[in-house]
Amino acid sequence: MSVHPGQARSVQGRIERPRWTSAGGGGVPSVGRVLTYAVLIGLSIVVLAPVVWAVLSSFKTQTELAQRPPAPLPSSLSPANYTEALSSFDFGLYLQNSVIVTVGATLLTVVVNTMCAYGLAKYNFRGRDVLFLIVLGTIMIPLQLIFIPVYQMAAQLGLVNSLWGLIIPPAATPTGVFLLRQYMLGIPDDLIEAARIDGAGEFRIFARIVVPLCGAALAVVTIFSVMWRWNDFLWPLIISQDQAKYTLPVALAQFNSQLSVPFNYILAMSVVSMLPVVVIFLILQRHIVRGIANTGFK
Amino acid sequence: MSSSHRRQPKPWNQRLAPYLFVLPNMLIFGLFVVYPAINNFNISLYDSRNGRDFTYVGGANYQELFGSEEFWSAARATVVFALCFVVLTTVLALALALLLNRRIKGRAFFRTVFFLPVVLSPVVVGLIWGWIFDRGNGLLNTVLGRLGLGQPGWLVDSGLSMAVVIFVGLWMHIGFYILIILAGLQGIDPTFYEAARMDGATSWQQLRKITLPLLRPTTMVVVILSLIAGFQAFDYIWTLTGGGPIGATTLMVQYIYENAFQSPIRYGMAAAASVVLFVTVFALTLLNFLYGRRKEAT
Amino acid sequence: MRRILASCIAIVTLAGCAPGATSGGGSEPQVDDKTLTYLYFTDGPDEQATRSLIADYEKKSGVKVDLQIVPFDNLEQRLQARLSGGNAPDVARLTDISPFRSDLLDLNKFQKAALDDQFIDGADAYTKGPDGELLGVPSDLTMNGPLVNVDQFKKAGVSLPDVTKPWKWDEMVAAAQKVQKANKTQYAIAMDVSGHRFSTMLSQFGTTFLSADGTAVGLDTQKATAAVKRFADLNASGAMPADLWLQAGSKYKAANEIFLAQQTPVYISGNWQVSAFAKDAKFTWAVAPNPCQENCGGFPGGKFMVSFKQSKRQQAAADFIAYMNSKESQERLAKEANFLPTRKDLISSGIDYTQRDADMKVFLADVSRTPAQAFATSYSPAFAATAKATVDELSKVLAKKESPEQAVEAIKAAAEKALKDTK
């Protein structure tokens, strides 16, 4: 059973029938509340400590990083790693490329994924199941495995060495389609039927009724897309061949040599590249937390 | 199969609309994922020492693969890893998302904390946890040593290193799945809870009779995505253990990567291994999907 | 279900056609647009030196060189994809040319006078094609050898060997252990987790993976077992860090951090550490001569500059390679980046380094002491794969899952297979 339309009502029906004898009335006992905080705080420390340590370590020099056992704190909060890494190349240009690619690819991803998910979730048409299985099947193909054939395709289409090559090929993320499709299954068909009776066109129904109901899922797909495209490494590395087309992760990785890796720069740049994603997350997470009250189901 | 119950033919725009909705996504998809994947299957029938010159060998790659001890060792490790990863991810993400969906103080803070490791680069993840789990000089063993608890060889002992790799995988990815479940929770019609509360259902009953059943499409997303992630795990493991000690944490994608891009290059073998991986995961996903749909139909 | 089956059949049918490389085998139409792309990976100090050489070249020739720096780990993968997509760079810097052999341009067609027979003889077997084509130019040489913490040696009152009179393995181990005790360091000797570095020890114990012409397995069971045993004993006794090997898995891991943290007085690595340590080491250190056992000297490695048949600017590419490997350019690069030269004339005349000259001279002295078989092995197409297998086998020995004898047999088998695979 699921939130499938039509069954929604039967869920309600089933709930109404048995008379539960609890006297609680849904209030949360305070022991539970204390336990909740204890668990959350405990886990937060486990989760947060290594992240904080990574941030602190990004201020360490190569020599400090080599120290055994490693010291928890850097000897000073000198920004040398940051300034040296950033000044060793054209940071502004790479930042600009990264922003263009991330914004462009995310917009494209959200639009095409949502449309595709809607088609798969709310229409009954020939080939639907096959298409959906193809979507499912391809989530599991890591780029690592089909690297060369994909590159050949991009090369034939003239997408090499252009930012379009970074925006278009990764846009049709199967994960996004899958996630949105599952979410849309929960939207009652009656809503769509009612709109049709009112004379609304198919695209209008999609844009005006369905999309506004998918706020939470759209927020998640947006966060994921920003995260993936911002941190994308393998694909830009092969598509961006001129240094003028490098994105930040590619530019940063060029320090990695055969015999030594400058971990001090890598740590610092990893912190820098974390920031935008965290900011986007903070902005968008309100849509996911907005709460049960106003999702629009009525 | 599910959406519409009508018998009479639909108007042309309703028949055409789904194809138009899925078209843009499927076009990009076909070009950059499906076609290269087919190409990859094709390559698995050839022998290639460089990914460019091919000799047809039929099933010889598969034969060599199934006779290779390293392949089976990687396959076993992958199954163990993926199984633990899926079960633990699903259970933990569900539990944490439910906790984080409650009206508690600092909810936004906790959500952000759990999301932070998701945006950290895999190289840094491997580096930081390497400092923590190192046997002689690691932070963890320094603490354990002071407490008189000995110095376990976290990354030296085969069993322990697999446990460490699973733990770090959970640490790194759990925020991603929590987010998906949180989004799913926002899609549940609040009137169900109101009705249940009026009937005097306890919060445990609400969880079992409303939340979990209605969350099934989302849970399926988590199971399938974590299954796929489990079978694809590679990058942070590579920096953390390098697949060691003695191959204990060498998973399938690393095996494929080493065959495809490290001397001696066996591109056809790598392609064959990725076809095997693909077929396995696809079969599992299909089972999951069909099971989910049977549930939907009841 | 039937539809799924139908699409499966369709997929299989589609797969019937052969995978093809997009580039034809014929000669590429050439253009003369005064530009060049140079695919490069950096070891650090060489980047600036290379850039300044390129700036001079651009001024002199009017050709614009687009330096494309990529991380070393992804270099081969990226190059493979670019070759398969038909847009290879014009020039590339590589450590292993064997996977690309059939794609490489014969530089003798363009710059025979400047390039042919100018470089160390050991490299010829590797850089020459079956018909004497020059497929690549050795652009720098590396030499493995021990680096020592002079402060710690002084404190322990242990003296270092003279460049002309190298120590024996036993002497080096004894000295290192004495220094370890006096300074309470964690280890006595550390070595990078690398089959290439272990080849140094093998060569000193009198054997190498491959024979003197690089075409057959050359590993002497008895000598190799002695080396592996010695290595295992040193690790088991805690003189060497066994955990470093076990925790590295099958990826390369440097032991430089242990040396920098002053937890080992002796560190077996190579000349590329010189400029890095000049910057990062907070103590007095020096390069010591390689220890002798059956043989003296270290183990060589290096990088190559190549161009591709796919290139549309073959003449310009060859000209650029000739410029970068001329006597003047190589001397400049070597001086600024603490590299070792590959040109015969520079090896015999020597180079005066601007920084750490004495240390570089130790490496240069070891170049001449290194047996020819070591060069042949290092420059064999089968070397990379054998070295990788060696790391795995040594890990098994350290984990006590395998005896040294078994490991040597496995390494021999890996070398055999690598030779067959690279034929």
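Residues numbered from 1 in each chain as written. Chains lettered and ligands numbered in written order. Predicted model: local features only at pLDDT ≥ 70, side-chain atom pairs only at ≥ 80, totals over all residues.

S.K.: Help me get a handle on the overall build of chain B, residues and values and all.
M.R.: When you go through chain B residue by residue, the secondary structure sums to 13 helices and two strands. When the backbone C-alpha atoms are referred to their principal axes, chain B occupies close to 65 × 65 × 30 Å. Scored against the burial criterion, the 298 residues of chain B give a buried share of 56%. Nonlocal contacts in chain B, meaning residues at least 24 apart in sequence, comprise 68% of its contacts between residues at least 6 apart. (Helix = DSSP H or I, 4+ residues; strand = E, 2+ residues; numbered from the N terminus. Buried ≥ 20, exposed ≤ 12 C-beta atoms within 10 Å, placed from the backbone. Contact = placed C-beta atoms within 7 Å.)

S.K.: Kindly report on the overall build of chain A, identifying the contributing residues and their values.
M.R.: Helix and strand counts for chain A come out as 15 helices and zero strands. Buried positions account for 49% of the 298 residues belonging to chain A. Restricting to contacts in chain A with at least 6 residues of sequence separation, those with at least 24 account for 77%.

S.K.: Can you lay out the interface of chain C and chain A for me, pointing to particular residues and giving the numbers?
M.R.: Taken residue by residue, the interface counts 35 residues in chain C and 26 residues in chain A. Those elements that place two or more of their residues in the side of chain C that touches chain A are helix H1 (2-14), strand S2 (64-69), helix H3 (75-84), helix H11 (256-260) and helix H12 (273-280) of chain C. Classifying every residue of the side of chain C that touches chain A gives 13 nonpolar, 14 polar and eight charged. (Nonpolar A, V, L, I, M, F, W, Y, C, P; charged D, E, K, R; others polar.)

S.K.: Go over unusual backbone geometry, please, and point to the residues and values.
M.R.: Trans peptide bonds make up the majority, and among non-glycine residues the majority have a negative phi. The phi dihedral of asparagine 161 of chain A falls on the positive side, at around 60°, and the residue is not glycine. For asparagine 161 of chain A, the location among the structural elements is in the loop between helix H7 (143-156) and helix H8 (164-167). In this structure asparagine 161 of chain A comes out as partly exposed when scored by C-beta crowding, with 16 C-beta atoms within 10 Å. Here isoleucine 246 of chain B, not a glycine, exhibits a phi torsion of approximately 35°, which is positive. By the secondary structure assignment, isoleucine 246 of chain B is in the loop between helix H11 (235-240) and helix H12 (252-261). Classification of isoleucine 246 of chain B by C-beta neighbours within 10 Å gives buried; the count is 24.

S.K.: Pulling in residues and values, what's your account of the interface of chain B and chain A?
M.R.: Each partner contributes residues to the interface: chain B has 100 residues there, and chain A has 94 residues. At 21 residues, helix H1 (residues 12-43) of chain B tops the list of elements feeding residues into the side of chain B that touches chain A. Along the lines of polarity and charge, the residues of the side of chain B that touches chain A split into 65 nonpolar, 25 polar and 10 charged.

S.K.: Summarise H3 of chain C; cite the residues concerned and give the values.
M.R.: Think of an α-helix as turning once every 3.6 residues; residues three or four places apart then point the same way. Residues and elements named next belong to chain C. The buried fraction of H3 amounts to nine of the 10 residues, a majority that puts the element mostly inside the structure. Along H3, the positions that sit buried rather than exposed are Leu75, Gln77, Arg78, Leu79, Gln80, Ala81, Arg82, Leu83 and Ser84. At the C-terminal side of H3, glycine 86 shows a positive phi close to 80°.

S.K.: Could you give me a rundown of the environment of asparagine 42 of chain B, with the residues and numbers involved?
M.R.: Residues and elements named next belong to chain B. Position of asparagine 42 among the secondary structure elements: in helix H1. Here asparagine 42 falls in the buried class, since 21 other C-beta atoms lie within 10 Å of it. Along the primary structure asparagine 42 and valine 91 are separated by 49 residues, whereas in three dimensions their C-alpha atoms are 39 Å apart.

S.K.: Please set out the packing of helix H2 (residues 30-57) of chain A against helix H4 (residues 107-119) of chain B residue by residue, giving values where relevant.
M.R.: With their axes 9 Å apart at the nearest point, H2 of chain A and H4 of chain B run at an angle of 40° to one another. In terms of their interaxial angle, H2 of chain A and H4 of chain B are classed as oblique. Both H2 of chain A and H4 of chain B take part in a crossing whose hand is left-handed. Across the interface between the two elements, Leu40, Ser44, Val47, Leu48 and Val51 of chain A from H2 of chain A touch Phe110, Val113, Phe114, Leu116 and Pro117 of chain B from H4 of chain B. For the contact of H2 of chain A with H4 of chain B, the residue count by class is nine nonpolar, one polar and no charged. (Axes fitted to C-alpha atoms, helices over the stretch in contact; angles between N-to-C directions. Parallel < 35°, antiparallel > 145°, perpendicular 65-115°, else oblique. Left-handed = near helix turned anticlockwise from the far one by under 90°.)

S.K.: Can you explain the nonpolar core? Please cite residues and give values.
M.R.: Counting 327 residues, the largest nonpolar core has Val220 of chain A, Ile178 of chain B together with Ile189 of chain C as its most contacted members. The biggest single contributor to this core is helix H7 (residues 158-186) of chain B, with 16 residues. What isoleucine 189 of chain C contacts, discounting residues up to four positions off in sequence, is Val173, Ala176, Leu234, Ala239, Met240, Thr264, Val266 and Ile268 of chain C. (Core = buried A, V, L, I, M, F, W, Y, C linked by C-beta atoms within 7 Å.)

S.K.: Describe the packing of helix H5 (residues 91-122) of chain A against helix H9 (residues 174-184) of chain A, and please don't skip the residues or the numbers.
M.R.: All names here are of chain A. Here H5 crosses H9 at 45°, and the two axes come no closer than 8 Å. Relative to H9, the element H5 lies oblique. Helix-helix and strand crossings are classified by hand; for H5 and H9 the assignment is right-handed. Here H5 contributes Thr109, Asn113, Thr114, Cys116, Ala117, Tyr118, Leu120, Ala121 and Lys122 to the contact with H9, which in turn contributes Gly176, Val177, Leu180, Arg181 and Met184.

S.K.: Pulling in residues and values, what's your account of the pairing of strand S4 (residues 137-149) of chain C?
M.R.: Residues and elements named next belong to chain C. Burial of S4 is extensive: 13 of the 13 residues sit out of reach of the surface. Examined bridge by bridge, S4 and strand S8 (residues 300-307) share six bridges and lie antiparallel to one another. By the bridge assignment for S8, leucine 141 is matched with glycine 302. Inspection of the sheet shows S4 paired to strand S6 (residues 266-270) by five bridges, in the antiparallel sense. Bridging across to S6, leucine 147 finds its partner in tyrosine 267. Here S4 runs beside strand S7 (residues 285-287); their pairing, made up of three bridges, is antiparallel. The residue bridging asparagine 149 from the neighbouring strand is tryptophan 285, located in S7. (Pairing = 2+ DSSP bridges.)

S.K.: Got a sec to walk through the confidence of the model for chain A? Specific residues and values, please.
M.R.: A residue-level look at chain A finds 86% of positions with pLDDT of 70 or above and a mean pLDDT of 80. Within chain A, no element has a lower average pLDDT than helix H1 (residues 7-16) of chain A, which sits at 36, and none a higher one than H8 of chain A, at 94. (pLDDT = per-residue confidence, 0-100.)

S.K.: Now, about the confidence of the model for chain B: what can you tell me, with residues and values included?
M.R.: Residues and elements named next belong to chain B. Residues of chain B with pLDDT of at least 70 account for 96%, and the chain-wide mean is 87. The weakest mean pLDDT in chain B belongs to helix H13 (residues 267-297) at 82; the strongest belongs to helix H3 (residues 69-100) at 95. With pLDDT under 50 throughout, residues 1-6 is counted as low confidence; its partners more than four residues away or in other chains account for eight contacts. Two numbers describe this predicted complex: its pTM, 0.86, and its ipTM, 0.82.

S.K.: Could you give an account of the environment of serine 73 of chain B, naming the residues involved and the relevant values?
M.R.: Mapped onto the fold, serine 73 of chain B is located in helix H3. For the pair serine 73 of chain B and serine 158 of chain B, spaced 85 residues apart in sequence, the C-alpha to C-alpha distance is 12 Å.

S.K.: Describe the environment of proline 50 of chain A, with residues and values.
M.R.: Mapped onto the elements of the fold, proline 50 of chain A is located in helix H2. Between the C-alpha atoms of proline 50 of chain A and valine 210 of chain A, which are 160 residues apart in sequence, the distance is 41 Å. Once residues within four sequence positions are removed from consideration, proline 50 of chain A is found in contact with Ile128, Trp129 and Ile132 of chain B.

S.K.: Give me the pairing of strand S3 (residues 91-94) of chain C: which residues, what numbers.
M.R.: All names here are of chain C. Of the two faces of S3, both are covered, the one formed by Val91 and Arg93 as well as the one formed by Ala92 and Leu94. Where strand S1 (residues 35-40) lies against S3, two bridges are found, and the strand directions are parallel. Counted as the bridge partner of tyrosine 38 is valine 91 from S3.

S.K.: Describe H7 of chain B, and please don't skip the residues or the numbers.
M.R.: Residues and elements named next belong to chain B. With 29 residues, H7 should reach 42 Å at 1.5 Å per residue; the first-to-last C-alpha distance of 42 Å fits that figure. The sharpest bend along H7 reaches about 45° and sits at histidine 173. Counting buried residues in H7 gives 22 out of 29 residues, a clear majority hidden from the surface. (Expected span 1.5 Å × (residues − 1). Bend = angle between axes of the 7 residues up to and from the residue.)

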